[in-house]
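These are the residues of each chain, in order.
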Amino acid sequence: MGNLMRSARRSAGLVAALLVTAAAPLASQTHDWFEMSSRRQVDGVERLDIDVEYAVGHLAISPAVAGLLYQMDLRYDANDFEPIRTWNTDGGLGRLALQMKTEDGDIEFGGIDETDSDDMGTLDLSLSREIPTTLSLGVVAAQAKLHLGGLALERFVFRTGASETAIDFDAPNPVRMDRLELAAGAADFEATGLGNARFDRFEFTGAVGDVRLDFTGDWKESAEGEIRMGLGTLSLTFPRDIGVRIEKQGFLTSFNSAGFEDVSGGYQTPNWETATRRLTLKVRAGLGDIDVYFVD
Amino acid sequence: MNQSSPLRNEKERVSMITRLHGWMRAASGSVALPRVAATIAAAGLLTIFAFPRHAAAQQPAAEATAQNAPAVQETPAAPEISGSTVLISSDVARLELDLADGGRQTIELNDGRVLIDGADRGSYEPGGAFDRAWRELLRSPSVDETAELPELLADWVPPEAVDGGNGRSAVMAVFDGFDPRALAHAAREAPGATATDVSGRVTIVPRAGSIGQLASRLDELKQALSRISGEEFDVDGDFALVVHDDYRIDDATTIDGDVALLGGRLTVDGEIDGDVLVLGGDLDLEPGALVMGDIRSLGGDVETTGATVTGEILKLSAVSPDARSGVSVSADADDAWDRHDAERNYERRVRSRGFFGSITHNISRSISDLIGTAVWLIALTLVGVVLVYFSPKRLNAVASEARADVLRSFGVGLAGQLLFFPILLLLVVLIVTWLVVPFYLLAVAIAIPAGYVAVARALGEAVVDRRYDLFERFNLNRQNTYYYVFNGFVVLLAPFAIAAVLELFGGWLGFLRGLTLFVGVVLTWAAATTGFGSVIITRGGGLMRDFRGFRRKRSVPLDDLRPDMEQEAQDDATGGADAEGADDDEVENG
């Protein structure tokens, strides 16, 4: 009888352990969704500095309606994150910062596939077209759609760990951008209309992935840039009306040089000498290939 | 705004203050409320009940200045009851109180509505617990004792309004006003507060019976604030205006200070020189309105189109688990994004990812799949090893059957699979056979994987017999049952391994990979089916095919049978032996 009781207790304990083990993931999947909307009218702000550190979810940026300095609509799971938002002004400069704080300071995510799920947080940020803005975005893992056409961006810095990112400048930047800096870890990355960004200097750093950089747009000034690529395919698209010079480093990388002339230290388009606007790119690639396209 | 509501007794209001103090203490005791909650507790809500409703309701807001605001007595006294009248009918239960100052107070439950001095103050369930308690009170002889009546009414505690009516609190509030003990307590709790904090303030008195709602809203406030800990609500000082009902600030009015909206709709045409805190209700800023501060909304609705707000407009609300964020920046932006997405999707269709662009993704997926296949190989081999170790003869018998007559075993296995559910249904329907159901399920659950292992064993043996160079190279051509099982699983899982390797090439060989996976799945199913059939034919390995194709109880070691089976195989190859014919003649010994 004693053995039977011991056996029964063991069995009950095993079953309980199994139930707890099975229930634990279910319990951890509960959500506590909150929506936070913060907006501010222009009201005396002459320049805007925005620093956003976003964690996991869907991120979108677009122009705001007239008269609005910014609008930030955030949907987040209060079980995982706590939005820390700060605002201060210094003369005509307004500084906005958003950080998604976690309980232990670390952000856990199960891979980029999770960003395809509807069960994710969102951040929709809209910015004034009129106010010159310095925008810095850090994203851990997100599906990002950054619609930056027409925004008055003096500087744009975007860093992402693993994400599917689409950046679009579909309208010219009304102000000159001193630096456009993009960095992606493992990502499917696409930036189009970069000519409209009106940058002085362009920097892209990519570790692994499929990267498409489209430099078409309304080029008003010459610029230079540097692209550092680890592993993957880099597709570059240029408008034919600007002069392009590429200085490539990395012998393991294939380069489709059609449309370029092989010159000392790199490749350049035939119109380089006569072009009124020029783009000089240093490309350092590890392993992969570089495809170049020209559009009229 | 309900302007038809009658005045409420001033002492009754002070009694409510006493209650609110209790709520505030309870609220701040459980969670450390920020200043905003304390502000509401200490001044704002106190202010609400400290003013007669008609003062704000009947005067334009612009006129409700410090000079015009009525003063509040610091030491209130309970009204003296000089007489009472009770009226009870099937629909109505009314108490009329004659006051010493010549006034009269009427509390009436009438066909589901609670009427205080004729004004509708809430609902109750006719015939419900509250209705019954009320009628019982009115029938009490003590009601006729005028001297004891104030304490009797104040001590009366009707049942909670579990029936959903909200008139109970209205009646309770009225009765509290007659309690001199409560009034004295209120005077101790807030000495002079009502006189100093509310002077020069504009207030809107909430409807009677809304105190419970207010307490509930404070709970919501606590929760919301705890969600956004770290937020600093810069609501300084007292509230200049506390709104708990529909109200309008016209364009000639400037509110000099912070405003709290607790319910109803606050329409602003004029100017607010301070922050606005919305805990509920709708804040509607008309075009031309000006707010010189922040707007914080916790659960409320804020409309600011055309108005000027110098500070931040912050909204925080909890959403249901199923709700998706519907927030959008603007219609134009949405349209632009729709177009952008469409163009981008089109571009994706015409562009290929490319080999190198996906190589790391492909490598990781390929390695992951290969590891998965290896894990399956190890796991299945371990199962096979266990079976070989504990029941070699039965396993060999099933394997021999599968190898000797694949088609027959497959057919029997397929029939067994098709008949699985009908037999199960039969066992369930025939009540007597219920006890067999668990054994039936267990037998099938064991038979299918055991048969699969047996087929792997047979397949591995066949491979070894072929003496492939590849197996020779890795020294896998050993005449050993364990090796047979391992080799068999290598063959059965090979399509999955090949598919994993093909993953390296991504889209280029996607079709071939899919085809290979399909072959692997079909092969696995065919092997499991064949093994299942062999298990059935051999009665779980209890019968063994002998050299003549007959079955007998397994008693002959497999090695002794091997020459016979090899001979049989040679006969098959030369057409000298007809296995099907042999099976037709099969007999069971014993």
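Residues numbered from 1 in each chain as written. Chains lettered and ligands numbered in written order. Predicted model: local features only at pLDDT ≥ 70, side-chain atom pairs only at ≥ 80, totals over all residues.

Asker: Can you break down helix H16 (residues 481-502) of chain B residue by residue, with the values?
Answerer: For H16(B), spanning 22 residues, the distance from its first C-alpha to its last is 32 Å, which sits close to the expected 32 Å at 1.5 Å a residue. A maximum bend of about 45° is found in H16(B) at B:Leu493, where proline B:Pro495 lies one to four positions downstream. (Helix = DSSP H or I, 4+ residues; strand = E, 2+ residues; numbered from the N terminus. Expected span 1.5 Å × (residues − 1). Bend = angle between axes of the 7 residues up to and from the residue.)

Asker: Summarise helix H13 (residues 406-429) of chain B; cite the residues concerned and give the values.
Answerer: Since one α-helical turn is 3.6 residues long, residues separated by three or four positions face the same way. All names here are of chain B. With 24 residues, H13 should cover 34 Å at 1.5 Å per step; its first-to-last C-alpha distance of 34 Å lies within 8% of that length. Where H13 bends most, the angle comes to about 45°, and this point is Leu419, followed within four residues by the proline Pro422. Taken as a whole, H13 has its buried residues at Ser409, Phe410, Val412, Gly413 and Gly416. (Buried ≥ 20, exposed ≤ 12 C-beta atoms within 10 Å, placed from the backbone.)

Asker: Which residues make up the sheet that holds strand E1 (residues 81-88) of chain B, and what values do they have?
Answerer: For sheets, the rule is that strands pair by backbone hydrogen bonds, running either parallel or antiparallel. All names here are of chain B. Spatial strand order, E1-E2-E3-E4-E5: five strands in an open sheet with antiparallel pairing. A strand with exactly one partner marks an edge of an open sheet, and here the two such strands are E1 and strand E5 (119-123). Taken over all neighbouring pairs, the strand axes of this sheet differ in orientation by 15° on average, direction set aside. In this structure, strand E4 (residues 113-116) lies alongside E5, joined through four bridges in antiparallel fashion. (Pairing = 2+ DSSP bridges. Axes fitted to C-alpha atoms, helices over the stretch in contact; angles between N-to-C directions.)

Asker: How would you sum up the nonpolar core? Please name residues and give values.
Answerer: The biggest cluster of nonpolar side chains holds 107 residues, and the ones touching the most others in it are A:Tyr70, B:Leu261, B:Val276, B:Val278 and B:Ile295. Here this core takes nine residues from strand E2 (residues 47-63) of chain A, the largest share from any one element. Those residues in contact with B:Val276 that lie beyond four places of it in its chain are B:Val259, B:Leu261, B:Leu283, B:Val291, B:Gly293 and B:Ile295. (Core = buried A, V, L, I, M, F, W, Y, C linked by C-beta atoms within 7 Å. Contact = placed C-beta atoms within 7 Å.)

Asker: Report on the sheet that holds strand E14 (residues 282-285) of chain B, specifying residues and quantitative values.
Answerer: Residue and element names in this part refer to chain B. Across the sheet, which stays open at both edges, the four strands sit in the order E8-E11-E14-E17 with parallel pairing between neighbours. Looking along the sheet, the strands with just one partner apiece sit at the ends: strand E8 (247-249) and strand E17 (301-303). For this sheet, the mean angle separating the axes of adjacent strands, direction not counted, is 10°. By the bridge criterion, three bridges tie E14 to E17 in an arrangement that is parallel. Note on E17: the bridge partner recorded for Asp282 is Asp301.

Asker: Tell me what's going on with the environment of A:Gly217, and back it up with residues and numbers.
Answerer: Residues and elements named next belong to chain A. Position of Gly217 among the secondary structure elements: in the loop between strand E10 (199-214) and strand E11 (223-239). Between the C-alpha atom of Gly217 and that of Leu194, which follows or precedes it by 23 residues, the distance is 6.4 Å. For Gly217, the contacting residues outside a window of four places in its chain are Phe169, Pro172, Gly193, Leu194, Gly195 and Asn196.

Asker: With reference to specific residues and values, describe the confidence of the model for chain A.
Answerer: The predicted coordinates should not be examined in detail at positions where pLDDT is low. Residue and element names in this part refer to chain A. Summarising the model, chain A shows a mean pLDDT of 81, and 83% of its residues fall at 70 or more. Mean pLDDT across the elements of chain A ranges from a minimum in helix H1 (residues 2-28), with 42, to a maximum in strand E6 (residues 122-127), with 93. Per-residue pLDDT stays below 50 along residues 106-117; that stretch engages in 18 contacts with residues further than four places along the chain or on separate chains. (pLDDT = per-residue confidence, 0-100.)

Asker: Any chance you could break down the packing of helix H12 (residues 392-404) of chain B against helix H14 (residues 436-466) of chain B for me, citing the residues and the numbers?
Answerer: To characterise two packed helices, one gives the angle between the axes of the helices and the distance between these axes. All names here are of chain B. Between H12 and H14, whose axes approach to 8 Å, the crossing angle comes to 65°. The angle between H12 and H14 places the two elements in the roughly perpendicular class. Every pair of crossing elements has a handedness; the one defined by H12 and H14 is right-handed. Across from Leu395, Val398, Ala399, Ala402 and Arg403 in H12, the residues of H14 making contact are Gly451, Val453, Ala454, Val455, Arg457, Ala458 and Ala462. Its residues assigned to classes, the contact of H12 with H14 shows nine nonpolar, one polar and two charged. (Parallel < 35°, antiparallel > 145°, perpendicular 65-115°, else oblique. Left-handed = near helix turned anticlockwise from the far one by under 90°. Nonpolar A, V, L, I, M, F, W, Y, C, P; charged D, E, K, R; others polar.)

Asker: I'd like a description of the environment of A:Lys248, backed by residues and values.
Answerer: All names here are of chain A. Structurally, Lys248 is set in strand E12 (residues 243-249). The class of Lys248 is partly exposed, set by 18 C-beta atoms lying within 10 Å. A sequence separation of 35 residues divides Lys248 from Val283, and the C-alpha atoms of the two residues are 4.7 Å apart.

Asker: Explain the confidence of the model for chain B to me, using residue names and the numbers behind them.
Answerer: Residue and element names in this part refer to chain B. Taken over all residues, the pLDDT of chain B has a mean of 66, while the share at 70 or more is 57%. Ranking the elements of chain B by mean pLDDT puts helix H8 (residues 193-197) last with 27 and strand E15 (residues 290-291) first with 93. Across residues 555-564 the pLDDT falls below 50, and counting only partners more than four positions away or on other chains, this stretch makes eight contacts in the model. Below a pLDDT of 50 lies the segment residues 575-590, which in the model reaches 23 contacts outside its immediate sequence neighbourhood of four places, other chains included. Quick note on the complex model: pTM equals 0.49, ipTM equals 0.78.

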